[in-house]
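Below, each chain spelled out in residue letters.
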Amino acid sequence: MRLILLGPPGAGKGTQAQRLVETYGIPQLSTGDMLRAAVAAKTPVGLKAKAVMDAGELVSDAIVNAIVAERIDQPDCASGFILDGYPRTLPQADAVEAMLAERRIALDAVVELVVDDKALVGRIVKRAEDAKAAGQPVRKDDNPEVFEERLREYYKKTAPLTGYYYAKGLLKTVDGMTPIDAVTKQIGERLKSASRALA
Ligand code: AMP
């Protein structure tokens, strides 16, 4: 199963990706997590990405495309993967297509989590509070000011991907305003219909 999770920051992509990891036994490839690891390790990519991420803007397509191309060749991706937070621009979507075609594999579905903007900022603030309470590091970009920029970037650059994948017949839209378990259930149902259509 090769999936993309689409949706604005705070839509619940990470939470749902973790559940899909358990259900399908395939890894979650979060470009945000990979970039944060690069920043923490002060690699050349991390040093380039840090200021851009702190400002809530998007890291260059070339950087993220290269990270993902390398990651999908790891053995744990052989039977599939969940792309979480990637692609985020139309050039990235074209890059995915080229990467998969080169490896003679295809996407099974693109799941879009639809959530009201007003709910998103509250979720981000809660994520920061939960991390703090658990003694975990709080993401620098999980605050209302940077969040506004992240949301602007989403509408400008990422939202057009829904049309791109709709046109390819891959888009599965899910109501992300329902409780976490209900979202998981909806995704399961949408993916069942996707695999039936493929059979
Ligand atoms: P996330 O954890 O997915 O919210 O990503 C956190 C930040 O990492 C984003 O605000 C961007 O600065 C950067 N980032 C993650 N994924 C991408 C991507 N696919 N393209 C560009 N920048 C990304």
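Every residue gets a number counted from 1 within its own chain, in the order that chain's sequence is written. pLDDT decides what is reported in this predicted model: residues at 70 or higher carry local features, side-chain atom pairs at 80 or more are listed and counted, and totals for whole chains, interfaces and linings draw on all residues regardless. The basis for every side-chain value is the complete set of non-hydrogen atoms in the structure, without hydrogens or water.

Visitor: Would you take a moment to explain the environment of Arg 36 for this structure?
Guide: The helix count covers DSSP runs of H or I at least four residues long, the strand count covers runs of E at least two residues long, and both are numbered beginning at the N terminus. By secondary structure assignment, the location of Arg 36 is in helix H2 (residues 31-40). Sequence-wise, Arg 36 and Gly 46 are ten residues apart; in three dimensions their C-alpha atoms are separated by 7.3 Å.

Visitor: How should I be thinking about the site of the ligand in this particular structure?
Guide: Being near a molecule or strand, for a residue, comes down to having at least one heavy atom within 4 Å of it. Taken together, 16 residues lie near the ligand, and Thr 31, Arg 36, Glu 57, Gly 85 and Gln 92 sit nearest. Thr 31 is positioned with one of its side-chain polar atoms (N or O) 2.7 Å from a nitrogen atom of the ligand. Between N or O atoms, a polar contact is any pair within 3.5 Å; within protein, one atom must be a potential hydrogen donor and the other a potential acceptor, and residues adjacent in sequence are included only when both atoms are from side chains. The separation between an oxygen atom of the ligand and a polar side-chain atom of Arg 139 is 3.0 Å. Contact with the protein chains hides 95% of the accessible area of the ligand, taken as 480 Å² for the molecule alone. Take the shell around the ligand: its biggest share by element is four residues, from H2. Per-residue and other accessible areas were derived by the Shrake-Rupley procedure at a 1.4 Å probe size, with only the shown protein chains allowed to occlude residues.

Visitor: Whenever I open this one, unusual backbone geometry confuses me. Can you help?
Guide: Backbone geometry follows two general trends: most residues other than glycine have a negative phi, and most peptide bonds adopt the trans configuration. For the peptide bond that leads from Tyr 86 to Pro 87, omega is -5 degrees, which places it in the cis range. Looking at where Pro 87 falls in the secondary structure, it is placed in the loop between strand E3 (81-84) and helix H5 (90-102). A positive phi angle is found at Arg 104, which is not glycine, with a value near 55 degrees. Note on placement: Arg 104 falls in the loop between H5 and strand E4 (109-114). For Arg 104, a relative accessible area of 77% puts it in the exposed group. Buried means the residue's accessible area, taken with a 1.4 Å probe over protein chains only, is under 20% of the maximum for its type, while exposed means over 50%, and partly exposed covers the values in between.

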